[in-house]
Structure formats: C-alpha cells, structure tokens
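# Residue-level structure breakdown
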Amino acid sequence: MSKHFTHRRTVLRGASAGGLALLGGALPLAAARAAAKTGAPGSDPWQQARAIAERLQMPVRFRKVDYNITDFGAAPCQLVPVKAWISFEEQETVKTPAPGSKDCYEPIRAAIARCHAEGGGRVVIPKGDWFCAGPIVLLSNVNVHLQAGAHVYFSNDPRDYAKYGDVDCGPNGKLVVSRWQSNDCLNFSSMIYAHNQNNIALTGDDWTAILDGQGGVPFKDSNDCWWTWKGKNATINSVAQDKSPNYVPGKLAQNQPNRNNPKSLAEIAPGLSEEKRRLIQGEGDKWRADDAFLPALSEAGVPIEKRVFGLGHYLRPSMIHLVGCTNVLLQGYQVTHTPFWQHHPVACRDLAIRKVYANSLGPNSDGFDPESCDGVLVEGCQFDTGDDCIAIKAGKNLDTQFGPSQNIVIQNCIMHSGHGAVTLGSEMSAGIQNVYAQDLVFQNKNWATNPLNIAIRLKTNMNRGGFLRHFYVRNVSIPNGVQTTPSFYATLPGSPIPDRSVAAAAGGVITFDCDYTPRADNVRMRPPEVSNVHISNVKVGNVTTKDGKTFSCYQAIVILGPVAFDYNGPNPRPEVLPVRDVTVTDCDFGTPSNASKPWFLYNVRNLKLDNVTIAGKKVHTTLSA
C-alpha cells in the first residue's frame with residue numbers, strides 16, 4: 001500500500017475523536033446493542049417524532065455568497081441521442097453529452113475549494129447541460145446548488161471514478177473510503193461524495209434540477225453499462241426484474257467469481273484458522289464473486305487497507321455517498337439513472353432530505369439508504385425506484401462500529417415502484433430503533449407492469465442479525481395495492497421452510513422476513529431480534545388484474561421469524577427469539593388473492609390484530625405461531 005494511504009490512515013484514526021474511526025474496525029455487536037439502549041422513546045412516540053422533525057427542519061446555515069461554476073471555467077455541453085436502458089428490461093433513446101464535451105469536474109472542484117477556503121457559501125450550477133467526468137466532492141460549509149433547468153450528466157466511464165480518490169491503490173486506481181452494501185472497502189468514488197464534513201448541502205430549485213448517473217448508457221467500448229454489473233437476479237417468480245441490461249450467463253459481474261480475487265482467504269488473512277476459513281468460504285468458488293468476497297473479508301477481520309476494489313472489480317458506486325458527516329441538507333432536486341443506490345449516508349448525524357425526487361429504475365436503485373445514522377428526517381420526497389424506496393441500514397457482518405440507525409422520521413412522501421416502500425435492512429447487524437413513518441402514499445402507479453413488491457418490509461437473517469425495536473407506522477394509503485402474485489427466495493436444504501412456500505420476496509402488504517436469502521451467507525450465527533412494532537391506519541385498495549379479478553395483494557401479512565435451523569456457529573447456540581409484540585390496528589388490507597390464507601406466520605409471538613379488515617371481514621385476534 002502506498003505511503004499516501006499510510007498518511008490517510010493516520011488522518012482517519014485521528015477523526016475518531018469526532019465520532020468517526022477508521023472504517024473496518026468493528027466493535028462487538030453486544031457493545032453496539034448496549035449503546036443503542038439509550039434511545040428508547042417516551043410514552044408518546046409521535047411526540048418524539050415531532051421533536052426530531054422540528055429539530056431537523058433546517059440543520060445547515062451558510063454565508064450568503066455565491067460561487068458560479070462558470071467563473072471557474074465551466075461551460076455547458078451539447079447533447080446527442082443514444083439508445084440506453086431506462087430500467088431492468090426497457091430501452092429508449094435518451095440524450096447524453098456529445099463526444100469531446102468539456103469536462104466540468106475541475107471547475108466544480110475549484111469552486112467548492114474556493115468557497116470552503118473563504119468560509120463557505122453556495123456553489124451554483126446554472127441552468128444548462130453540464131458534463132462531469134469525476135466526482136463532486138462536498139466540503140464543510142458549502143452548499144452545492146442546482147438552478148432550475150440545470151442537468152448534470154456524470155460520466156458513465158468507471159475509470160473516471162478511480163482517478164481522484166485519496167487512496168492510491170495502484171492498478172485498482174485512486175479510490176475512496178466507502179461502504180458497499182454495508183461493508184467497508186476502498187472503491188470507486190460516488191458521483192457525489194463527502195467524508196467527515198460538517199454543515200453541507202446539496203440543493204436544487206425544483207425537479208428540473210437533475211443529477212444524472214447515466215447508469216443505463218452503454219460504456220464507450222462495449223454495450224455493457226453500469227447496470228450490467230448486477231448480474232442475474234436470483235428471486236424466484238419476480239415481476240419486471242428478471243434481467244440486468246446486456247447481461248448473459250458467464251459474463252463477469254458482481255455475483256460471478258472474479259479471478260482478481262485470491263483463490264483462498266489464507267492469502268489475505270493468513271492468521272485465520274482453517275476451520276473458520278472453510279466456514280467463511282463455503283463450498284466452491286462463489287465466495288470469490290465481488291459481492292461475496294467483500295463480506296468474507298469482513299468476517300475474516302481483514303482491515304480496510306486490504307479490502308481494495310475499484311478497477312478490475314464490479315462493485316458499482318452509490319450516486320450520493322456521505323460518510324461521517326454532520327448537519328446535512330439534501331433538498332429540491334431530481335436524481336436519476338443511478339449506477340447503484342441513489343443516496344447512501346453512513347454514520348451521519350442530523351440529516352434532512354426534503355422534496356427530492358429519487359427516480360431510477362435500474363438494478364439496486366434504492367432511493368434513500370441511511371446507514372448507522374442518528375437523527376434523520378425524510379419529508380416531502382417522491383420515490384420511483386428499481387429496488388427499495390427507503391431502506392434503513394446498519395452495517396453487515398463485523399462492520400458494526402458505527403452502531404444502530406435511530407431517531408428517523410419519514411413523513412409526507414409518495415412511493416411508486418420498488419421492492420419495498422419503507423424497508424428496514426437487510427444489512428442491519430448493528431440494529432435499528434426509534435423509526436417513525438407517517439402520512440405516506442404508496443401510490444404504486446406502475447402496478448400493472450412493475451408493481452410495488454411490499455409496502456412495509458423488514459429483511460434480516462441469521463447472518464445479518466441485528467435488532468429492530470420501536471418502529472411506528474401510521475396513516476398510510478396504498479390505493480393500487482402491491483404485487484398480487486407471490487415471489488420467493490430459495491431456502492437452505494432441509495430447512496423447515498420449503499422453497500416456494502413463503503411469499504417473502506413480494507406479495508405481502510406487511511412483510512417481516514427474518515430468513516432473507518439465507519443461501520447468500522455462509523456464516524450464520526447471529527440471530528436477529530424483532531419487537532415492539534406498531535402499525536395503524538393502513539388502507540389498501542384493490543386493482544383489476546389482467547384476468548379480470550380484483551385483488552389488493554397476495555397476502556395481507558407475512559411474518560417469517562428467525563429460523564433456528566439455519567444456525568451454523570459453535571455451541572452453545574444462542575437463543576433464537578420469536579418476532580414479538582407487534583400490533584396492527586385500524587387497517588383495511590383490501591382483498592388478498594390468497595384469500596384462504598390471508599397471513600403467514602412462523603416463530604411469532606403476540607401479534608395483535610385489532611379492528612383489521614381483510615376481504616371485507618373484521619378481524620380482532622392475537623396470534624402466535
């Protein structure tokens with residue numbers, strides 16, 4: 001590793017006094033759980049939600065000085081048509097910067113640097129089309145603002161995000177400290193990136209102010225695009241999410257063994273016992289795929305300086321990635337066609353995202369994924385996504401050092417397509433607590449072709465573990481229901497949960513899945529805990545399907561608690577607790593297509609249904625299974 005990284009490592013460790021240590025050094029989960037216990041709400045959870053929302057109405061302040069990027073040499077670009085993917089399977093002709101367009105990376109960087117050095121203010125991107133072949137890196141006390149009609153087209157060449165990072169990783173490029181699906185690594189920079197900054201903002205006048213990741217635009221030297229790197233989707237009986245653009249079996253992707261990864265963990269973690277190495281790697285070489293290799297490095301305790309990805313690898317960067325930042329405002333713009341997750345703040349404190357249109361239908365285009373963040377307000381946003389609209393995360397495997405996600409308010413938002421409208425997990429090893437979601441519309445406008453899979457969703461398993469507690473939802477309208485057919489995940493051989501028996505991947509209005517994709521994780525020794533969930537006033541409408549039938553969903557409620565069979569760690573085995581103390585009140589779930597079995601329960605205790613209507617019938621009962 002370069003001398004530059006050694007210096008950077010020192011800087012990062014020094015930042016721990018401000019609450020951010022070097023990514024990769026995990027605390028035990030027990031410590032994270034103990035730290036989280038201080039956040040339990042008072043007797044009125046919605047009063048707590050109001051207090052959080054009021055505190056975060058305006059978390060930032062800036063000098064009233066503007067720095068226009070044209071004063072630093074930026075010039076607009078001309079556009080040309082190109083055939084590109086706009087979703088998993090659909091192609092359209094879109095516009096892209098013409099070859100030879102002026103790169104605005106350096107003018108934007110210079111404007112931000114000047115603004116920061118002079119005490120802060122606003123960096124203005126005016127109306128027009130702008131080409132940026134590198135990341136916009138936010139610095140403290142700077143508000144990057146897009147005027148109405150400003151459209152920033154980020155380069156779709158991965159090499160442009162391995163040029164400017166702080167860590168020189170040789171042939172892999174100059175990379176940045178990052179998290180990918182909740183594991184620490186050195187990887188491509190995101191299109192918009194910040195690390196350890198305070199008082200920052202990304203804003204726009206309205207939704208004609210667009211940040212465009214060009215995720216479906218073919219690369220210059222092939223017909224592949226960022227989204228091709230997803231590889232084949234493993235969900236059984238999925239709808240409108242079967243393929244990744246231009247992917248064919250055998251093509252290198254994030255889920256295909258990568259010859260650039262070691263043949264054995266012994267090469268990179270020589271102190272690992274043979275027994276543990278075999279457990280982490282599992283059978284065959286699937287663990288050498290990038291999306292499995294990174295979690296394996298976490299399980300093996302490999303430090304971040306050895307978790308090097310970037311060039312030669314297939315882990316797509318998030319579009320907007322903020323690490324260890326405080327006092328953050330995201331407001332008033334549209335983000336579209338993102339390579340991966342649209343917004344991914346990690347270990348941030350006091351962050352508001354307001355009136356943002358998260359609009360990307362590509363693979364893994366989650367709209368907003370706060371991870372191990374404390375104090376978050378999501379307000380007045382709209383989501384049309386190729387994965388979860390909102391997914392709250394909290395670390396994975398041993399990368400739990402930033403503790404739980406907590407004190408999060410989601411209100412007055414609209415959700416369209418997506419896997420889950422409001423989702424918790426799947427990466428939640430450090431826990432999630434004190435989450436409040438209210439006054440939401442899950443419009444599901446694309447129900448006929450690309451339906452919302454699930455409305456309220458939890459995903460974890462015996463690997464991701466973690467806890468969910470103090471989760472409150474109220475006042476949700478779902479006028480066009482959710483997917484009316486079931487989708488499934490493959491279970492482990494011999495599991496008491498047979499394949500194709502639980503519609504945990506799609507079809508439920510409320511789905512808590514504590515056995516999420518168990519075949520994806522070789523190490524399964526951390527049972528999750530789910531308790532104290534309260535959901536009220538959810539109204540679900542029916543739609544008329546193509547065969548003329550009227551349904552709202554496949555099942556109203558799916559709760560698959562932790563499956564003790566999956567555990568493969570040492571004895572004595574930890575206690576595997578049921579999902580417990582969940583209440584669902586004053587809800588109307590419409591008419592499920594599986595009317596004979598309107599709910600599925602496994603390892604559940606004390607599920608209370610009060611004044612609940614399913615297929616026109618009132619239900620008042622307490623259930624355990």
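Preceding this section is the structure that the text describes.
Let me begin by describing the structure that accompanies this report. Just so it is clear, the structure is predicted and the values come from calculations on it, not from any experiment.

### Looking at empty space enclosed by the protein
The full count for this structure, using the stated rule, is two cavities of 30 Å³ or more. Estimated volume of the largest cavity: approximately 90 Å³. Around the largest cavity, the lining is made up of 13 residues, and of these Tyr489, Thr491, Val502, Ala504 and Leu560 lie nearest the centre. Among the residues making up the lining of the largest cavity, the classes are represented as eight nonpolar, two polar and three charged.

### Remarks on the layout of surface pockets
Roughly 750 Å³ of internal volume is contained in the second largest pocket. Within the residue set of the lining of the second largest pocket, elements represented by two or more residues are β2 (79-85) and β3 (91-97). Here the lining of the second largest pocket gets three residues from one element, more than from any other, and that element is β2. Its residues assigned to classes, the lining of the second largest pocket comprises 16 nonpolar, nine polar and seven charged.

### Some points on the pairing of strand β21 (residues 374-379)
Where burial is concerned, most of β21 is hidden: five out of the six residues are buried. Across five bridges, strand β19 (residues 349-354) lies against β21 in parallel orientation. Paired with alanine 352 across the bridge in β21 is leucine 377.

### Points about the side chain of aspartate 212
For aspartate 212, the location among the structural elements is in strand β14 (residues 210-212). It is lysine 95 that comes nearest to the buried, bridge-free aspartate 212 among opposite-charge side chains, at 11 Å. Looking at aspartate 212, its side chain comes within polar contact range of the main-chain nitrogen of glutamine 214, at 2.9 Å.

### Here's the deal with the environment of glutamate 529
Along the chain, glutamate 529 falls in strand β31 (residues 529-540). Separated by 352 residues in sequence, glutamate 529 and valine 177 have C-alpha atoms that sit 30 Å apart.

### Digging into the pairing of strand β24 (residues 405-411)
Consecutive side chains along a regular strand alternate between the two faces of the sheet. Within β24, seven of the seven residues are buried, which leaves the element mostly enclosed by the surrounding structure. Pairing geometry for β21 and β24, over five bridges, is parallel. In the strand pairing of β24, glutamate 379 is matched with glutamine 411. Two elements, β24 and strand β27 (residues 432-442), share six bridges in a ladder whose sense is parallel. Bridge assignment links glutamine 411 to a residue of β27, and that residue is glutamine 438.

### Re the sheet that holds strand β10 (residues 174-180)
The sheet built from three strands is open, its strands ordered β9-β10-β11 with antiparallel pairing. Every interior strand has two partners, whereas the edge strands, β9 (167-168) and β11 (183-187), have only one. Pairing geometry for β9 and β10, over two bridges, is antiparallel. By the bridge assignment for β10, aspartate 168 is matched with lysine 174.

Rules of the game
Residues numbered from 1 in each chain as written. Predicted model: local features only at pLDDT ≥ 70, side-chain atom pairs only at ≥ 80, totals over all residues. Heavy atoms only, no water. 1 Å grid on protein atoms, 1.4 Å probe; cavity = no way out; pocket = protein on both sides within 12 Å on 5 of 7 lines; lining within 4 Å. Points joined across faces, edges and corners; volume = space filled by probe spheres on them. Nonpolar A, V, L, I, M, F, W, Y, C, P; charged D, E, K, R; others polar. Helix = DSSP H or I, 4+ residues; strand = E, 2+ residues; numbered from the N terminus. Buried < 20%, exposed > 50% of the residue type's maximum accessible area, 1.4 Å probe, protein only. Pairing = 2+ DSSP bridges. Lys, Arg positive; Asp, Glu negative; His and termini not counted. Salt bridge = Lys/Arg side-chain N within 4 Å of Asp/Glu carboxyl O. Polar contact = N/O pair within 3.5 Å; in protein donor to acceptor, adjacent residues only side chain to side chain.

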